[in-house]
Amino acid sequence: MNFKRNKKVVLILCALMIFSLLAGCGGNAAPDKAAGDTIKLGFLGAKTGSVANYGIPGEKGMKMAIDELNAGKGILGKKVEGIYEDNKGESSEIANITTKYITKDKVVALVGDPCTGLTKVAADIAQENKVVIFSAGATGADVVEIGDYVFRNTLLDTVAAPAVVDWMINKKGWKNLAVITSGNNGYSTALTPIFKQAIAEKGGQIVLEDTVNDGETDFTAQVTKLKNAKPDALVFTGYYTEAALIMNEAKKKNLDIVLVGGDGLYGQDLAKLGGEAVQEKVIFYAGFSTDQPSPETAKFLEAYRAKYQEEPDMFSAQFYDAIMILAQAMETAKSTDPSVFKNELANLKDYPGVSGVTTFGADREPIKSPVCLLTVKGDKFPALLEKIPVQAK
Amino acid sequence: MFWEQLINGLTLGSSYALIALGYTMVYGIVQLINFAHGEIYMFGAFAGLFLVLSGVNVFIALLGAMVFCMLLGMLVERIAYRPLRGKSSRLSALISAIGVSIFLSTLMALYRGTNTTRYPEIIGNSTFSVGSIQISSLQVIILLVSALLMVGLQLLIQKTRIGKAMRACSQDLEASSLMGINVNRVISATFAIGSALAAAGGMMVGIYYNAVWPYMGTMAGLKAFAAAVLGGIGSVPGAMIGGLSLGVMEIMGVAYLSSSYKDAIAFAILILVLFIRPQGIMGQKISKKV
């Protein structure tokens, strides 16, 4: 073997490696130098995997908000830059990405994640590093409790359920209610106590409490009991599949009843499985509807449709709002330092966003208004039934 | 309310009975728990759905689904069980059955997705009152069709040549083959008949609850197995009684105890029966099966 030639090759390879390293450093150095002139915001959300349905529209809403800011004066006269990594909906990924955003990109705020569990992972890291995290979707418990850098903007069940129960009892006169829980569904077992407390507070009566299980199809016994209890309406806290099957069974048993529930009923399959049985008979709440938009929402809808040629959803609206609320807080605080503008953020009152009006309560939890009541109407899903305003206490 | 719940229970129970019959017949002859039987039931529901959606009359669709599953059941027996028979232990056949069960449900999940599919309302439903109780016409139809199928099965077993051959095989497979009975053909026929009944059960359940999905066979199969054991595995009247009583007990459990215990009731009964009366309600200690 020609040893010398081999040595040459090795030398050339080493040189190449060093060059590429230098080039890499050079590439990284540029944004660092510009860090003083741009404000960086990190996107937390999945673009692939099982929860990509929340992340993809969220990213679009965030991009649109940043483009709008940059078309104007930016934030405090500085350009805004969004960084969009894909966390795939995995805890290990979101931890890595959050750390990268904070230590390498030096973002001032993280926007996302739409999921509660993932938000909590990122929030722990953000709180420790004193960077603001603003979730546009996490509805679960113990999120803002992580610390004073943690915020969220989405319709919480503790806000929506009392508003819906108030509407049922005081507007519709449905005082005698049946409550059905899906026993093996964590979402349902958590939502039922919220509904029950609201029913007790608003002066309603629970005439029947029952359970079903996700994955079952035989609800004949429950519906027979329901029919005998004669409630004015049924509160079902589970998911859309079981709701549709319960309503099918009710129709078979000639039971004319309205089923009311949370956003767990928000699924196309509700209409597909329920058919005629759910037509204007199943009502659920959600934080966003493209029907009857406020002036802010109408403007957003128009711009979004023009930019992406598709309909925005709750996540695109909430990510858009998150960016705009952060921008407003930084402008008011005249600072991009998270430890300063987080206080302005906590004082947010009656912010007229595209996903509704937002106020942060004393506990930094969002109170959103209005609550949209949605239903199935003809081929339209979801169809807006009514918007109920919520008073911030 | 009691009588209405009783009818709910009998309707649910008749679907368990139709599946349990397949378990019990196959067990009676080859001593195999055919765990793929729940999936045959699921395929029956989907086959019926396809036929109905393509515009076929509902009773012809029911027949079509039954014929389709007959062939499927025979195919499963030919591919997955026959090569193992006599050559390896019964345990291998049991594992093969579990494999077929997973294969079939996953196949359907790949083809249709795991979401629940709506069954169209093909039989107009109306409720009518008998005294103070309300019964839906659909329940009556399901009970009638199930009863008809079960009577038909009894006639087939008691009055026909193949029925006689099946009874002979259940008593002694080897002796039957020495007497000139084509044992493989009898076993094949047993699978075919059991599968057809399961298909009928699947399609009626689809119509009754308006919903089918690829994994519907798993739980239904286990419940039907529990029903077959309750009635006395190997005994045809036992499977009918076992299925009906399991359905009624489950519904009564939901009606008067709690829905959370629904599945627990089915399996608690299974365990209790195994303890107290291992041969089941109709089972006999000295085997005279099918």
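Criteria and cut-off values
Residues numbered from 1 in each chain as written. Chains lettered and ligands numbered in written order. Predicted model: local features only at pLDDT ≥ 70, side-chain atom pairs only at ≥ 80, totals over all residues. Heavy atoms only, no water. Helix = DSSP H or I, 4+ residues; strand = E, 2+ residues; numbered from the N terminus. Contact = heavy atoms within 4.5 Å. pLDDT = per-residue confidence, 0-100. Patch = residues over 30% accessible without salt bridge, like charges linked within 9 Å, V, L, I, M, F, W, Y side chains within 5 Å. Areas by Shrake-Rupley, 256 points an atom, 1.4 Å probe, with all protein chains shown as cover. Salt bridge = Lys/Arg side-chain N within 4 Å of Asp/Glu carboxyl O. Buried < 20%, exposed > 50% of the residue type's maximum accessible area, 1.4 Å probe, protein only. Buried area = accessible area lost by both parts, 1.4 Å probe. Polar contact = N/O pair within 3.5 Å; in protein donor to acceptor, adjacent residues only side chain to side chain. Axes fitted to C-alpha atoms, helices over the stretch in contact; angles between N-to-C directions. Parallel < 35°, antiparallel > 145°, perpendicular 65-115°, else oblique. Left-handed = near helix turned anticlockwise from the far one by under 90°. Nonpolar A, V, L, I, M, F, W, Y, C, P; charged D, E, K, R; others polar. Pairing = 2+ DSSP bridges.

Concerning the environment of Lys349(A)
Residues and elements named next belong to chain A.
Then, number 1: Tracing the chain through its elements places Lys 349 in the loop between helix 12 (338–346) and strand 11 (351–353).
Then, number 2: Considered as a pair, Lys 349 and Phe 360 are eleven residues apart in the sequence and their alpha carbons are 6.4 Å apart.
Then, number 3: Apart from residues no more than four positions distant in its own chain, Lys 349 is found in contact with Thr 358, Thr 359 and Phe 360.

Quick look at the confidence of the model for chain A
Then, number 1: In this model, chain A carries a mean pLDDT of 88, and residues with pLDDT of at least 70 account for 90%.
Then, number 2: A low-confidence stretch, residues 21–35 of chain A stays under pLDDT 50, and its non-local contacts, those more than four residues away or across chains, total three contacts.

A word on a nonpolar patch on the surface
All names here are of chain B.
Then, number 1: On the surface, Met 1, Phe 2, Trp 3 and Tyr 256 cluster together into a nonpolar patch covering about 440 Å² of accessible area.
Then, number 2: Mapped onto the elements, Trp 3 comes out in helix 1 (residues 2–30).
Then, number 3: Using a relative accessible area of 52% as the deciding quantity, one classes Trp 3 as exposed.

Describing the interface of chain B and chain A
Then, number 1: Across the contact, 30 residues belong to chain B and 28 residues belong to chain A.
Then, number 2: Between chain B and chain A, roughly 2,300 Å² of surface is buried when both sides are summed, and carbon and sulfur atoms account for 45% of that area.
Then, number 3: Taken as a group, Arg118(B), Tyr209(B) and Ser259(B) account for 23% of the area that chain B buries against chain A, more than any other trio of residues on that side.
Then, number 4: In this structure, the connection of chain B to chain A is made through three salt bridges.
Then, number 5: Between Glu121(B) and Lys251(A) there is a salt bridge; the shortest N-O distance is 2.9 Å.
Then, number 6: At the surface where chain B touches chain A, the tally comes to 19 residue pairs in polar contact (both at pLDDT 80 or more).
Then, number 7: Broken down by element, the side of chain B that touches chain A gets its largest block of residues, four residues, from helix 1 of chain B.

A few points about the packing of helix 1 of chain B against helix 8 (residues 183–209) of chain B
Residue and element names in this part refer to chain B.
Then, number 1: Between helix 1 and helix 8, whose axes approach to 9 Å, the crossing angle comes to 165 degrees. On the basis of the axis angle, helix 1 is roughly antiparallel to helix 8. Two packed elements cross with a definite hand, and for helix 1 against helix 8 that hand is left-handed.
Then, number 2: Of the residues that constitute the contact of helix 1 with helix 8, the class distribution is 18 nonpolar, seven polar and no charged.

Observations concerning the sheet that holds strand 11 of chain A
Residues and elements named next belong to chain A.
Then, number 1: Spatially, three strands are ordered 11-12-13 in an open sheet, and the strand pairing comes out antiparallel. The two strands at the open ends of the sheet, each matched to only one other strand, are strand 11 and strand 13 (366–369). The average angle at which neighbouring strand axes cross in this sheet is 30 degrees, direction not considered.
Then, number 2: Of the pairings in the sheet, the one linking strand 11 to strand 12 (residues 356–360) comprises three bridges and is antiparallel in character. Within strand 12, the residue paired with Gly 353 across the bridge is Gly 356.

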